[in-house]
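Overview (structure and organization)
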Amino acid sequence: MKTLQLNTEKIRKDFPILNRKANGKPLVYFDNAATSQTPQQVIDTIAHYYQNYNANIHRGVHFLSQEATDAYEQARIKIQKHFNIKVPHEVIFTSGTTHAINLVAHGFSSFLKEGDEILVSAMEHHSNIVPWQMLCERTGATLKVIPMDQNGELVMKDYHALLSKDAKLVFCNHVSNALGTINPIKEIIDAAHAVGARVLVDGAQAAPHIKADMQALDVDFYTVSAHKMCGPTGVGILYGKSEWLNKLPPYQGGGEMIAEVTFEKTTYADLPHKFEAGTPNIAGGIAFGAALDYMNAIGFDTIAQYEDELLQYATNKLKKIEGLKIYGEASKKAAVVSFNIQGIHPYDIGTILDKLGIAVRTGHHCAQPIMDFYGIPGTVRASFSFYNTKEEIDTLVEGVQRARNMLV
Ligand code: C6P
C-alpha cells in the first residue's frame, strides 16, 4: 500500500494544548479515546460564534438568529455528507453518544414486549448496556450477550446462533473503547436484518478513525460524540433511518419540538426537531462541523494509516517489556493499547506515568464486563491520535519500563 503523508510537525502547531507541560514535563497526551484535543480552527469557530452571531436558533426573525440558524443547519449538512446520510433530517443533534442511545432506548419502550430479545455485545461501554437493561425492565424483554474471545473479538458463530425471530434489537460498538477491536458491523447488521431485528451501532470510538457510510452499512441507528473527533464536548449526533425516527416517540418535551400546543393536545414537529427539544449546544454543533472540515482536510485514509503505524510501533515496543500483557489483540484494531504488568495495579502505573507528563487512562474504562471477562480490575489504556508521534511512544515505553522497575 502507498504510504500516505502526514505532516505531524505542522499538524501539532494547530493544537495549542500540546505545548503544555504536565508535572513539569512536556505533555504526552495518550487519552484520546476519552476525549481528543481541539485544533485552533475549532476553538476559533467557537470564539467567532460568541463574538459575532450568538443568538438562539429557529426562533427569531432577526439578523443574528438567522445567521446562527444557517450556520447550525449547515453543520448538520456537513455531518450528513460526511457520514453519507440520505437526508439532513436523519441527523439528530444530541449532547453525545450517551444521550443518543438513551433517546433510542426510551423510544423502543412501546415497541417491545415480554419474550422479545435484545442482543448486546460483550464488549460494550456502559452507555450501550445500561439503557437497554432499563428498557428490558420497562418492557419484560430479555437481554442476551454476544460473547467475545480472549483476543477481544466477537464470536460470530455464536452471534448467528443467538439470532432468532424473537430478536428485535441488536447493539454493538463499531470500535471497542477498552480493547480497540474493530467489529464486523456490516455482517452484524445484515444478519440482524435477515431476522427482522433493528441495529444500533455505537460509533463513538470509530468516528475519529473511520469514515462510516450510513447508506452502505444500511444501519438503523448510529451514534457519534464530537469531542472524540476534535470537536467540543456536549454535542454529538444520533443518525437514524427516517422510517424509525418517525415511528419513535419524542424523548423530551419542550420548546422547538412541537407543531402546536394547547392544554388539550400537543402535536409534534417534523424531524429532526421532534427530537431536539430546548435550546441546543449551538456553538458546539457549528464547531462539530468545523472539526469535520479539519479532519477531512487531512483525510481519513491518511489518519487511519498513520494511526495504524503508531499502533504497530507501540504494540511491538510495549510487548518487549517483561510481564506486560496486552488485552485486545483483534486482527482489526483502532489505535488503542490496553495493558497490565503482572503484579502491578494499573492505577499505580498510571500515577507514575502522570508524574512523567504522560496522560493515559487507567481503570475499567466504563466497560466493567470486559474487565470481568479477563478477571482483572482494569487496564492502563494508551489511545493514539493523528497528532501523536513515535517519539512520544518512546517516552511512554520508557515510562512504563521505569514504572515496572520501581513497582515490581
Ligand atoms: N468513552 C472512554 O474513555 P459520551 O460520554 O456520551 O460522549 O460517550 C460515551 C461512550 C459511548 N460509547 C463508547 C464506545 C465510548 O467509548 C464512550 C465514551 C470514553 O472510553 C469516556 S467513558
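Residues numbered from 1 in each chain as written. Predicted model: local features only at pLDDT ≥ 70, side-chain atom pairs only at ≥ 80, totals over all residues. Heavy atoms only, no water.

**Points about the site of the ligand**
For clarity, the threshold we go by: Summary of the distance rule: residues count as near a molecule or strand when at least one heavy atom falls within 4 Å of that molecule or strand. Any pair of nitrogen or oxygen atoms within 3.5 Å is treated as a polar contact; in protein, a donor-acceptor pairing is required on top of that, and neighbouring residues in sequence qualify only through side-chain atoms on both sides. In short, Shrake-Rupley with a 1.4 Å probe defines the accessible areas, and a residue's cover is counted only from the protein chains shown. An automatic or database domain assignment supplies the residue ranges for each domain.
Taken together, 16 residues are adjacent to the ligand, and Thr98, Asp202, Gln205, Ser225 and Arg361 come closest. For the ligand, an oxygen atom lies 2.7 Å from a polar atom in the side chain of Ser225. Compared with its free state, where it exposes 510 Å², the ligand has 86% of that area covered by protein. Each of domain 1 (8-30 + 300-407) and domain 2 (43-296) contributes no fewer than three residues to the shell around the ligand.

**Regarding the sheet that holds strand β7 (residues 167-173)**
Within a sheet, neighbouring strands are paired by backbone hydrogen bonds and run either parallel or antiparallel to one another. We apply this condition: Whether two strands pair depends on DSSP finding at least two bridges between them. What counts as a helix is a DSSP run of H or I of at least four residues, what counts as a strand is a run of E of at least two, and both are numbered from the N terminus. Each axis is a line fitted through C-alpha atoms, and for a helix only the stretch in contact is used; angles between axes span 0 to 180 degrees, taken between their N-to-C directions. Contacts are residue-level and defined by heavy atoms, with any inter-residue pair within 4.5 Å sufficient.
Strands sit in the order β4-β10-β9-β8-β7-β5-β6 across an open sheet of seven strands; the sheet is mixed. Edge positions in the open sheet fall to β4 (91-94) and β6 (142-146), since each of these has one partner strand only. Going across the sheet, the axis of each strand differs from the next one's by a mean of 20°, ignoring polarity. Here helix α3 (residues 63-82) sits on the sheet in contact with β4 and β10 (236-240), set at roughly 120° to β4.

**What to know about helix α12 (residues 346-355)**
Given 3.6 residues per turn, any residue in an α-helix points the same way as the ones three and four places further on. Defined as follows: We call a residue buried when its accessible area falls under 20% of the maximum for its residue type, exposed when it is over 50%, and partly exposed in between, using a 1.4 Å probe and counting protein chains only. Note: the arc covers the axis-to-C-beta directions of the helix.
Every buried residue of α12 is listed here: Pro346, Ile349, Gly350, Ile352 and Leu353. For α12, the angular spread of buried residues about the axis comes to 165°, placing them on one side. Along α12, exposed side chains directed more than 90 degrees from the buried face belong to Tyr347 and Lys355. In this structure, the buried side of α12 is in contact with β14 (336-341), β15 (358-359), β16 (361-363), β17 (379-383) and α14 (390-407). Following α12 by one or two positions, Gly357 has its phi on the positive side, about 85°.

**Observations concerning the pairing of strand β11 (residues 258-261)**
Pairing analysis gives three bridges linking β11 to strand β12 (residues 266-268), with the strands arranged antiparallel. When the sheet's bridge partners are listed, Val261 is paired in β12 with Thr266. Between β11 and the antiparallel strand that follows it, β12, lie four residues.

**Let's talk about the pattern of salt bridges**
Short version of the rule: Each reported salt bridge corresponds to a side-chain nitrogen of Lys or Arg within 4 Å of a carboxyl oxygen of Asp or Glu.
Overall, the coordinates contain 19 salt bridges when judged by the stated rule. Where Asp218 meets Lys241, a salt bridge forms, and the shortest distance between an N and an O atom there is 2.8 Å. Here Lys241 lies in the loop between β10 and α9 (242-247) and Asp218 lies in the loop between α8 (214-217) and β9 (221-225), a separation of 23 residues in the sequence. Taking the shortest distance from any N to any O, the salt bridge between Lys390 and Glu309 comes out at 3.7 Å. You can see Lys390 sitting in helix α14 and its partner Glu309 sitting in helix α11 (residues 300-319), a full 81 residues away along the chain. On the accessibility criterion, Lys390 (32% relative accessible area) is partly exposed. According to the relative accessible area criterion, Glu309 is partly exposed, its value standing at 31%. Linked by salt bridges that have partners in common, Arg198, Asp218, Asp220 and Lys241 make up one network.

**Thoughts on the packing of aromatic side chains**
Heads up, the rule is: Each Phe, Tyr or Trp ring, with Trp reduced to its six-membered ring, pairs with another whose centre is within 6.5 Å; inter-plane angles below 30 degrees give stacked pairs, above 60 give edge-to-face pairs, and intermediate values give tilted ones.
This structure, assessed with the given rule, holds 17 aromatic pairs. Centroid distance Phe111 to Trp244: 5.5 Å. Interplanar angle 70°. Geometry classified as edge-to-face. You can see Phe111 sitting in the loop between α4 (97-107) and β5 (117-121) and its partner Trp244 sitting in helix α9, a full 133 residues away along the chain. Since its relative accessible area comes to 9%, Trp244 is described here as buried.

**Overview of the side chain of Glu307**
This is how it is decided: This count recognises Lys and Arg as positive and Asp and Glu as negative, with His and chain-terminal groups excluded.
In this fold, Glu307 is placed in helix α11. Comment: no salt bridge for buried Glu307; closest opposite-charge side chain is Arg12, at 12 Å. Those residues in contact with Glu307 that lie beyond four places of it in its chain are His209, Ala335, Phe384, Ser385 and Phe386.

**Comments concerning the side chain of Gln37**
As for its position among the elements, Gln37 is in the loop between β3 (28-29) and α2 (40-52). Owing to a relative accessible area of 11%, Gln37 belongs among the buried residues under this scheme. Filtering out sequence-adjacent residues up to four positions away, Gln37 remains in contact with Phe15, Ile17, Tyr29, Asn32, Cys230 and Tyr387.

**Digging into the nonpolar core**
Formally: Grouping buried Ala, Val, Leu, Ile, Met, Phe, Trp, Tyr and Cys residues that are joined through side-chain atoms within 4.5 Å yields what is termed a nonpolar core.
Counting 109 residues, the largest nonpolar core has Tyr159, Val170 and Phe386 as its most contacted members. Considering each element in turn, this core owes the most residues, eleven residues, to helix α10 (residues 282-298). Domain assignment of the residues forming this core places at least three in each of domain 1 (8-30 + 300-407) and domain 2 (43-296). In contact with Tyr159, other than residues within four places in its own chain, are Leu119, Ile146, Val170, Ile188, Ala191 and Ala192. Ranked by size, the runner-up nonpolar core spans 24 residues in total, among them Ile92, Phe108, Leu112 and Phe171.

**Side note on the packing of α4 against helix α5 (residues 130-139)**
This is how it is decided: Small angles under 35 degrees read as roughly parallel and large ones over 145 as roughly antiparallel, with 65 to 115 read as roughly perpendicular and the rest as oblique. Handedness of a helix crossing follows the sense of rotation of the near helix relative to the far helix, less than a right angle counterclockwise being left-handed and clockwise being right-handed. Only Asp, Glu, Lys and Arg are considered charged in this grouping, and only Ala, Val, Leu, Ile, Met, Phe, Trp, Tyr, Cys and Pro are considered nonpolar; every other residue, Gly among them, is considered polar.
At their nearest, the axes of α4 and α5 sit 9 Å apart, and the two run at 15° to each other. With respect to each other, α4 and α5 are oriented roughly parallel. Helix-helix and strand crossings are classified by hand; for α4 and α5 the assignment is right-handed. Residues Ile101, Asn102, Val104, Ala105 and His106 of α4 form the contact with α5, whose own contacting residues are Pro131, Trp132, Leu135 and Arg138. Residue composition of the contact of α4 with α5, by class: six nonpolar, two polar and one charged.

**Considerations on a nonpolar patch on the surface**
Put simply, the test is: Residues qualify for a patch when their relative accessible area is over 30% and they have no salt bridge, like charges being joined within 9 Å and the nonpolar side chains of Val, Leu, Ile, Met, Phe, Trp and Tyr within 5 Å.
Residues Ile258, Val261 and Tyr268 make up a contiguous nonpolar surface patch of about 270 Å² in total accessible area. Following the sequence through the fold, Ile258 ends up in strand β11. Ile258 gets classed as partly exposed once you look at its relative accessible area, which sits at 31%.

**What about the domain arrangement of the protein chain?**
As a reminder of what qualifies: Two parts placed together each lose some accessible area under a 1.4 Å probe, and the buried area is that loss summed for both.
The domains assigned to the protein chain are domain 1 (8-30 + 300-407) and domain 2 (43-296). Once you take the C-alpha centre of each, domain 1 and domain 2 turn out to be 28 Å apart. Across the boundary between the two partners, domain 1 contributes 31 residues, which contact 32 residues of domain 2. With both sides pooled, the region where domain 1 packs onto domain 2 buries about 2,500 Å², and carbon together with sulfur makes up 62% of that total. Three residues stand out in domain 1 for area buried against domain 2, namely Phe300, Ile370 and Phe373, and they jointly supply 28% of the buried area on that side. Our enumeration of links across domain 1 and domain 2 arrives at zero salt bridges.

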